[in-house]
Amino acid sequence: MTEKIRCSWANPKNPLYIRYHDEEWGVPIHDDHKLFEMLILESFQAGLSWECILNKREAFRQAFDGFDLEKVCGYGQEKLERLMQEPGIVRNKLKIRAAMNNARIFRTIQQEWGSFDRYLWHWTEGNTVYETGKVSSELSDAVSRDLKRRGMKFVGTVIIYSYLQAIGVINSHEEACFCRTCTCPKS
């Protein structure tokens, strides 16, 4: 049987990473709950590898109450201190505070646009952008600039580019990758 050709970054020794590459990365997401989860996880990636964050995703889900937006919006100092003691996640106080702050801004954007999905996909008029070999673009610059203007933290252009790739706004599967033209189900 012929081995599937994947993007060069997909670590073949990590089954979780391979499953993420094959089934999630680059698949267009339209569910606000999932968009929120991915935004928070991507912000924790800053200075780390996505593989590191992916390996901790289940611990993050537990620690952040399943990424329930209303619960995260209600977090205060007590929850911040508990999260700082959580061994399964990245215990960076600035990133945890950013997650709490960004949740509130995410909710404000939902209220303004009707959904975060509508806000996010308006940047490309609902279309997926196909490009490879980049870590930022005019699109990620613009989205990052707008999110920062609204008060979000840890949403620089490189983080936002990675986020847009993960949620399928940008399809960066390499030309030879079997996922390049996947017609995977949308969530």
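These numbers were taken from a predicted model, which means no experiment stands behind them.

Undergrad: Looking at this structure, how should I read the overall build of the protein chain?
TA: When its secondary structure is counted, the protein chain shows 10 helices and 2 strands. When the helices and strands of the protein chain are listed from N to C terminus, the series reads α-α-α-α-α-α-α-α-β-α-α-β. A compact globule built from 187 residues would reach a C-alpha radius of gyration of about 16 Å, and the protein chain, at 16 Å, matches this within 12%. Principal-axis analysis of the C-alpha atoms places the extent of the protein chain at approximately 55 × 35 × 25 Å. For the protein chain, the proportion of its 187 residues judged to be buried stands at 50%. In the protein chain, the proportion of contacts linking residues at least 24 apart, taken out of those at least 6 apart, comes to 66%. As displayed, the protein chain offers around 9400 Å² of accessible surface, 51% of which is attributable to carbon and sulfur atoms.

Undergrad: It is not clear to me how the pattern of salt bridges should be interpreted in this structure. Could you clarify?
TA: When the charged atoms of two side chains with opposite charge come close together, those side chains can pair. Applying the stated criterion across every chain, the model contains 15 salt bridges. Between Glu 58 and Arg 61 there is a salt bridge, with the nearest N and O atoms lying 2.4 Å from each other. Taken together, the positions of Glu 58 and Arg 61, both in helix H4 (residues 57-63) and 3 residues apart, correspond to about one turn of that helix. Look at Glu 58 and you get partly exposed, because its relative accessible area is 49%. Here Lys 79 ties to Asp 65 by a salt bridge, and the two come within 3.5 Å at their closest N and O atoms. Here Lys 79, found in helix H6 (residues 77-84), pairs with Asp 65, found in the loop between H4 and helix H5 (69-73); they are 14 residues apart in sequence, far enough to count as distant. Looking at Lys 79, the relative accessible area reads 13%, which means it is buried.

Undergrad: What is the right way to look at the packing of helix H2 (residues 32-45) against helix H10 (residues 157-166) in this model?
TA: It is at 9 Å that the axes of H2 and H10 come closest, and there the two elements cross at 140°. If you check the angle between H2 and H10, you find them oblique. Of the two possible hands of crossing, H2 and H10 adopt the one that is right-handed. Contact residues: H2 offers Leu 35, Met 38, Leu 39, Glu 42, Ser 43 and Gln 45, while H10 offers Ile 159, Ile 160, Ser 162, Tyr 163 and Ala 166. Looking at the contact of H2 with H10, its residues break down into 7 nonpolar, 3 polar and 1 charged.

Undergrad: I keep staring at the nonpolar core and nothing clicks. Help me out?
TA: Of all hydrophobic cores here, the largest spans 54 residues; its most connected members are Phe 64, Leu 120 and Tyr 163. If we skip the residues at most four places from it in the chain, Leu 120 touches Leu 35, Val 143, Tyr 163, Leu 164 and Ile 167.

Undergrad: Looking at this structure, how should I read the environment of Val 72?
TA: Relative to the helices and strands, Val 72 resides in helix H5. Residues Val 72 and Ala 103 lie 31 residues apart in sequence; the distance between their C-alpha atoms is 6.4 Å. For Val 72, the residues in contact, after removing those within four places along its chain, are Phe 36, Phe 64, Ala 99, Met 100, Ala 103 and Arg 104.

Undergrad: Teacher, can you tell me more about the layout of surface pockets here?
TA: Taking a probe equal in size to a water molecule and rolling it over the atoms shows the remaining empty space. Space inside the largest pocket adds up to approximately 350 Å³. For the lining of the largest pocket, the elements supplying multiple residues, two or more each, are helix H1 (15-23), H2 and H10. It is H10 that contributes the most residues to the lining of the largest pocket, 5 residues altogether.

Undergrad: Help me out: how do you make sense of the packing of H6 against helix H7 (residues 93-113) in this one?
TA: A packed helix pair is summarised by two numbers, namely the angle formed by the two axes and the spacing between the axes. In the contact formed by H6 and H7, the axes pass within 10 Å of each other and the chain directions differ by 135°. Considering their axes alone, H6 and H7 lie oblique with respect to each other. Crossing angle aside, the handedness with which H6 passes H7 is right-handed. Each of Gln 77, Leu 80, Glu 81, Leu 83 and Met 84 in H6 lies in contact with H7, whose residues at this interface are Lys 93, Ile 96, Arg 97 and Met 100. Considering only residue class, the contact of H6 with H7 consists of 5 nonpolar, 1 polar and 3 charged.

What counts and how
Residues numbered from 1 in each chain as written. Predicted model: local features only at pLDDT ≥ 70, side-chain atom pairs only at ≥ 80, totals over all residues. Heavy atoms only, no water. Helix = DSSP H or I, 4+ residues; strand = E, 2+ residues; numbered from the N terminus. Rg over C-alpha atoms; globule rule 2.2 N^0.38 Å. Buried < 20%, exposed > 50% of the residue type's maximum accessible area, 1.4 Å probe, protein only. Contact = heavy atoms within 4.5 Å. Areas by Shrake-Rupley, 256 points an atom, 1.4 Å probe, with all protein chains shown as cover. Salt bridge = Lys/Arg side-chain N within 4 Å of Asp/Glu carboxyl O. Axes fitted to C-alpha atoms, helices over the stretch in contact; angles between N-to-C directions. Parallel < 35°, antiparallel > 145°, perpendicular 65-115°, else oblique. Left-handed = near helix turned anticlockwise from the far one by under 90°. Nonpolar A, V, L, I, M, F, W, Y, C, P; charged D, E, K, R; others polar. Core = buried A, V, L, I, M, F, W, Y, C linked by side-chain atoms within 4.5 Å. 1 Å grid on protein atoms, 1.4 Å probe; cavity = no way out; pocket = protein on both sides within 12 Å on 5 of 7 lines; lining within 4 Å. Points joined across faces, edges and corners; volume = space filled by probe spheres on them.

These figures come from the coordinates and say nothing about function on their own.
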